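# Observations on the model geometry
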Amino acid sequence: MHFRPAVDGDLDRLLGCVVDESVSWAHPERLLSFLESGNYRYDHIWLALDEDSGEVLARAVWWGFPGGEPYALDCVYVHPSVPDRVATAAELLERAHAAFGARPAYHVFLTGDWREDPKALAGLAWRREAVARAGLTDELERLRFAWTSDEAVPEPSGRLVLRGDDDDEVFAEAFRRVAEGTLDHATRLALRATDPLAQARQDVAEYRQMPGDRSWWRLAYSAADGSLVGVALPSANNAGPVVGYLGVVPEHRGNGYVDDLLAEITRFHAERGVQRVVADTDRGNIPMARAFERAGYRVFAVRLVLSAAPDA
Ligand SMILES: CC(C)(COP(=O)(O)OP(=O)(O)OC[C@H]1O[C@@H](n2cnc3c(N)ncnc32)[C@H](O)[C@@H]1OP(=O)(O)O)[C@@H](O)C(=O)NCCC(=O)NCCS
């Protein structure tokens with residue numbers, strides 16, 4: 001078997017890979033549109049080829065922001081004829097990780113009831129084992145919520161005054177405060193390794209790379225005393241409008257402000273004529289998940305994130 005990154009001339013080979021299992025995959029339409037947008041790049045796709053026929057025996061596809069490093073592993077495919085799919089996929093990933101100098105997390109999209117779905121469990125089982133061998137052993141389940149325009153558009157509560165600010169440093173400082181005591185797994189891990197303000201600046205930079213408009217971002221202040229309550233960042237990703245980010249500073253938690261901030265974001269999108277707003281949150285971030293349910297958001301899928309253990 002010959003392992004190498006893909007090149008322009010591989011397009012037909014890449015389009016010929018078909019995943020007939022109940023897990024998300026880089027299907028031809030996705031492949032073509034992301035190669036065009038720059039979210040996929042040939043050098044961020046790795047192949048294992050049959051030495052004689054040149055056929056694709058395995059393929060791994062990473063997603064990234066255009067012009068950026070590989071951000072997330074999006075698809076792992078091994079042809080069903082390969083006797084040891086786990087070993088082949090693991091070797092492909094290890095070689096790519098060595099070339100990238102990083103081990104980006106694997107994001108698998110599943111239905112909400114994947115634990116009861118034998119096809120999804122089977123499709124996931126060998127992939128999970130392969131990525132674990134390549135060092136991605138940490139598992140996080142993120143619930144994917146969606147609001148659709150047949151739900152009511154929430155009215156403002158009047159408890160908050162919202163303002164934009166062109167200065168990223170103002171948002172970085174607000175992000176830093178909101179991240180204190182967060183229940184979000186990725187932020188908690190990042191804060192173990194990074195200074196809180198540096199971490200907040202990285203998050204701001206990441207949200208700036210999203211297709212949503214920077215001018216949509218809002219800081220929320222208490223209408224009663226003018227103190228900072230939190231942030232609300234309606235945004236968008238490749239697939240459409242998203243909640244983006246919201247958070248409440250520790251001293252204002254427990255007063256239901258999460259509902260006001262989420263309502264603000266939902267209303268903002270609804271007023272622009274948006275039909276569907278999507279949001280992800282960790283299964284363990286109970287206050288956030290409950291707020292989505294109260295606001296008429298429904299779980300439509302799960303994003304399983306398999307990543308390198310923090311000290312690995
Ligand atoms: C999630 C978050 C917005 C909830 O805000 P909130 O306005 O305090 O939410 P609620 O008022 O509905 O809180 C419900 C309960 O959860 C508790 N709670 C809220 N956030 C908590 C936290 N980070 N840690 C522990 N408990 C928390 C509240 O104290 C309250 O408890 P009570 O019912 O005993 O009074 C807030 O925790 C936060 O900003 N977290 C960091 C950022 C984040 O996770 N954003 C979502 C990313 S998708």
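Residues numbered from 1 in each chain as written. Predicted model: local features only at pLDDT ≥ 70, side-chain atom pairs only at ≥ 80, totals over all residues. Heavy atoms only, no water.

## Thoughts on the packing of aromatic side chains
Selection rule: Paired rings are identified among Phe, Tyr and Trp, the last through its six-membered ring, by centres lying within 6.5 Å, and are further divided according to the angle between planes into stacked (under 30 degrees), edge-to-face (over 60) and tilted (the rest). Three exposure classes are used, based on accessible area relative to the maximum for each residue type with a 1.4 Å probe and protein chains only: buried under 20%, partly exposed in between, and exposed over 50%.
Counted under the stated rule, the structure contains twelve aromatic pairs. Here the aromatic rings of Trp-63 and Tyr-71 are separated by 6.0 Å at their centres, their planes lie at 75°, and the arrangement is edge-to-face. Using a relative accessible area of 37% as the deciding quantity, one classes Tyr-71 as partly exposed. Between Phe-175 and Tyr-245, the aromatic rings sit 5.0 Å apart at their centres with planes inclined by 45°, giving tilted as the arrangement.

## As for the domain arrangement of the protein
For an interface, size is often stated in terms of accessible area lost upon the parts coming together. The line we're drawing: As annotated, the domain borders come from an automatic or database domain assignment. Here, residues are in contact when the closest pair of their heavy atoms is within 4.5 Å. Here's the idea: put two parts together, see how much 1.4 Å probe accessible area each one loses, and the total over both is what we call buried area. What makes a salt bridge here is a side-chain nitrogen of Lys or Arg within 4 Å of a carboxyl oxygen of Asp or Glu, nothing more. In the analysis that follows, any N or O atom pair within 3.5 Å is treated as a polar contact, provided that within protein one partner can donate a hydrogen and the other can accept it, and provided that, for residues neighboring in sequence, both atoms belong to side chains. Basically, the charged four are Asp, Glu, Lys and Arg, the nonpolar ten are Ala, Val, Leu, Ile, Met, Phe, Trp, Tyr, Cys and Pro, and anything else, Gly included, counts as polar.
Structurally, the protein comprises domain 1 (2–136) and domain 2 (160–301). Taking the mean C-alpha position of each, domain 1 and domain 2 sit 31 Å from one another. Counting from both sides, the interface comprises nine residues of domain 1 and, opposite them, seven residues of domain 2. Between domain 1 and domain 2 the total buried area reaches about 580 Å² when both faces are included, carbon and sulfur atoms providing 50% of it. For the domain 1 face of the interface with domain 2, the top three residues by lost area are Phe-65, Tyr-71 and Gly-112, together amounting to 58%. Applying the counting criterion to the domain 1 and domain 2 interface returns zero salt bridges. The tally of links from domain 1 across to domain 2 stands at three residue pairs in polar contact (both at pLDDT 80 or more). Split by residue class, the side of domain 1 that touches domain 2 holds five nonpolar, three polar and one charged.

## Description of the nonpolar core
For clarity, the cut-off: In this text, buried Ala, Val, Leu, Ile, Met, Phe, Trp, Tyr and Cys residues form a nonpolar core when linked through side-chain atoms within 4.5 Å. A run of DSSP states H or I qualifies as a helix once it reaches four residues; a run of E qualifies as a strand once it reaches two. Both are numbered from the N-terminal end.
Core analysis: the biggest nonpolar cluster contains 96 residues, and Phe-175, Val-231 and Val-243 have the highest contact counts within it. Broken down by element, the residue count for this core peaks at seven residues, all from strand 3 (residues 56–63). With near-sequence residues (within four places) excluded, Val-243 lies in contact with Leu-233, Pro-234, Ser-235, Leu-262, Ile-265, Val-277, Val-278, Ala-279, Phe-292 and Tyr-297.

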